[in-house]
Amino acid sequence: MYNIGCMRGFLASSIGVACTAALALPLAALPPDTVAATPAAPAEAAVPGSTQSLPLAPLGDSGDRTAGVPGPARAGLPARDVRTFSLVGVVWDDADAELHGSVQVRTRATGTTDWSGWQDLETHNQDHSADPETDEHTSGRVRGSTAPLWVGDSDGVEVRVQANADRSTAAVRLPSGMRIELVDPGDDPQNTPLAPLGAREIQALSKGESEADAVIATDGAAGPAVAPYIGPRPRIVTRKGWGADEKLRETGFVYTKTVKAAFVHHSASGNNYQCSQASSVLRSIYRYHVRSNGWRDFGYNFAVDKCGNIYEGRAGGVAKPVLGAHTLGFNSNSMGIAVLGSFGNSAPPKAAVDAVARLTAWKLGLYGANPLGRTTLTSGGGNLYKKGRKVRLNVISGHRDGFATECPGARLYSKLGSARTTSAQYQGR
């Protein structure tokens, strides 16, 4: 049985490692962008899953060729039978090449003759990525990609891609090497008793307990601020809890100095999931981020489902300043929270917005950040702010505040003011 110090220290590295290892990485010992060794994970069978990667073929040519831009103007995959999958996305060779056009898929529910209507994939996904010039971005494995789309249990697929005909974009051709990625998340982890080296969730704490826990979680090291404005720690489902296969990701963790801001995203993966399926959605996105996009791990630091459940994202410890790949140019000294769903036209559930407020009240509070305030971040490079520019941003910002994108969707973005106010109230401001 854990002693109280061990249980509290567990949140510092919550992928199910021994308590002593969880306390071995105080923030003061880690300079910015440092890779720390990964402790050994408990011996346990990985959650099965798979990715089918199928090349898209030209579907005929339209319009004149644009000099220097590879690929046809139309590509796709005719309707065909495939192994069972639940999430789809399209990738291409050059991570820096943008897809100016539309991508649509239709799928067939497993064991039926029922095909869905054509569904759009969000094509501008480069803004969810590691910062330029980081090891993750320059690894040579990173690909261009659409956002993933959750379609549910399916065994048939058809794809069509059309480049824009707008000559003003100077990009009427498609990127080369386009493939459809069909992801099977595997089965949910078995609901077994807690293993001695890990837990499936981090339990909620009261405000007072969270303030005391801020000291214990870092073993007394300089790091998270000990202040009266730390919100109560919410319940967080760990990577072990949603069934992350730790063999998929790169070994080691990468940290930055602090957490000054939170960027709120939507996953753009659609709203056609039940909360009981959220773990499967997360495993699918995780596999897509690592195996299809070529990232080192899940891109976001946290995820929130439509019922307000909060999930650990990128590995390295929920209380630590883990470097993510969520907001191109502003991943350092920030955290990314993805609300699972698409919220351009659909309103986010109140439970999800409140979960963002609860999570930010606690995590930002650990680092002395006021959810109602503003902070300065230095751009790592992007389409809104050049590398090195110092930018004033809301402590709780939307993805579009740091990059020219529709994310987190107009309907979710409009709720961020409410999330800031509620988060500050949870902090006791």
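Residues numbered from 1 in each chain as written. Predicted model: local features only at pLDDT ≥ 70, side-chain atom pairs only at ≥ 80, totals over all residues. Heavy atoms only, no water.

Q: Pulling in residues and values, what's your account of the overall build of the protein chain?
A: Summing up its helical and strand segments, the protein chain has 8 helices and 19 strands in all. For the protein chain, the residues scored as buried account for 55% of the 429 residues in total. Long-range pairs, those at least 24 residues apart, make up 78% of the contacts in the protein chain with a sequence separation of at least 6. On the protein chain, roughly 17,000 Å² of surface is accessible, and the fraction owed to carbon and sulfur atoms is 51%. (Helix = DSSP H or I, 4+ residues; strand = E, 2+ residues; numbered from the N terminus. Buried < 20%, exposed > 50% of the residue type's maximum accessible area, 1.4 Å probe, protein only. Contact = heavy atoms within 4.5 Å. Areas by Shrake-Rupley, 256 points an atom, 1.4 Å probe, with all protein chains shown as cover.)

Q: Describe the sheet that holds strand 11 (residues 236-237), naming the residues involved and giving the relevant values.
A: Paired through backbone hydrogen bonds, the strands of a sheet run either parallel or antiparallel to each other. Here we have 7 strands laid out as an open sheet, ordered 10-11-15-14-16-13-19, and mixed in their pairing. One side of each edge strand has no neighbouring strand; the edge strands of this open sheet are strand 10 (201-202) and strand 19 (396-398). Alignment of strand 10 against strand 11, held across 2 bridges, turns out to be antiparallel. Paired with Glu201 across the bridge in strand 11 is Val237. Across the face of the sheet, helix 6 (residues 350-366) comes into contact with strand 11, strand 13 (261-266), strand 14 (302-304), strand 15 (310-312), strand 16 (334-339) and strand 19 while running at roughly 165° to strand 16. (Pairing = 2+ DSSP bridges. Axes fitted to C-alpha atoms, helices over the stretch in contact; angles between N-to-C directions.)

Q: Now, about the state of the cysteines: what can you tell me, with residues and values included?
A: One pass over the full model with this rule turns up 1 disulfide. A sulfur-sulfur separation of 2.1 Å characterises the disulfide bridge that pairs Cys275 with Cys307. Between Cys275 and Cys307 the sulfur-sulfur dihedral comes to about 95°; the bridge is accordingly right-handed. Of this pair, Cys275 sits in the loop between strand 13 and helix 5 (278-292) while Cys307 is found in the loop between strand 14 and strand 15, placing the two residues 32 residues apart along the sequence. You can call Cys275 buried: its relative accessible area is 17%. A relative accessible area of 45% places Cys307 in the partly exposed class. (Disulfide = S-S within 2.5 Å.)

Q: Describe in detail the packing of helix 6 against helix 8 (residues 416-427), supporting the description with residues and values.
A: Two elements in contact, helix 6 and helix 8, have axes whose closest approach is 8 Å; the angle formed by their N-to-C orientations is 50°. Put simply, helix 6 runs oblique to helix 8. The handedness of the crossing between helix 6 and helix 8 comes out as right-handed. Along the contact surface, helix 6 presents Val353, Asp354, Ala357, Arg358, Thr360, Ala361, Leu364 and Gly365, while helix 8 presents Ala419, Thr422, Ser423, Tyr426 and Gln427. Grouping the amino acids of the contact of helix 6 with helix 8 by side-chain chemistry returns 6 nonpolar, 5 polar and 2 charged. (Parallel < 35°, antiparallel > 145°, perpendicular 65-115°, else oblique. Left-handed = near helix turned anticlockwise from the far one by under 90°. Nonpolar A, V, L, I, M, F, W, Y, C, P; charged D, E, K, R; others polar.)

Q: Describe the nonpolar core, naming the residues involved and giving the relevant values.
A: Formed by 31 residues in total, the largest nonpolar core has its most connected members in Phe302, Ile337, Trp362 and Leu364. Elements with a minimum of two residues in this core: strand 13, strand 14, strand 16, helix 6 and helix 8. For this core, the element with the most residues is helix 6, which contributes 8 residues. Once residues lying within four places of it in the same chain are set aside, the contact partners of Phe302 are Ile236, Ile310, Tyr311, Glu312, Gly313, Val318, Met335, Gly336, Ile337, Ala338, Leu359 and Lys363. (Core = buried A, V, L, I, M, F, W, Y, C linked by side-chain atoms within 4.5 Å.)

Q: How would you sum up the pattern of salt bridges? Please name residues and give values.
A: Evaluated as defined, the whole model comprises 12 salt bridges. Here Lys207 makes a salt bridge to Glu211, at a shortest N to O gap of 2.5 Å. One end of the pair is Lys207 and the other is Glu211, both in helix 3 (residues 207-216) and 4 residues apart, which spans about a single turn. Look at the salt bridges and you will find they share partners, linking Arg239, Glu246, Arg249 and Asp297 into a network. (Salt bridge = Lys/Arg side-chain N within 4 Å of Asp/Glu carboxyl O.)

Q: Could you give an account of helix 6, naming the residues involved and the relevant values?
A: Taking 1.5 Å per residue as the helical rise, helix 6 with its 17 residues ought to reach 24 Å, and the 25 Å between its terminal C-alpha atoms agrees with that figure. Among the 17 residues in helix 6, 13 count as buried, and that is most of the element. Count one or two residues on from helix 6 and you reach Gly368, which has phi positive near 70°. (Expected span 1.5 Å × (residues − 1).)

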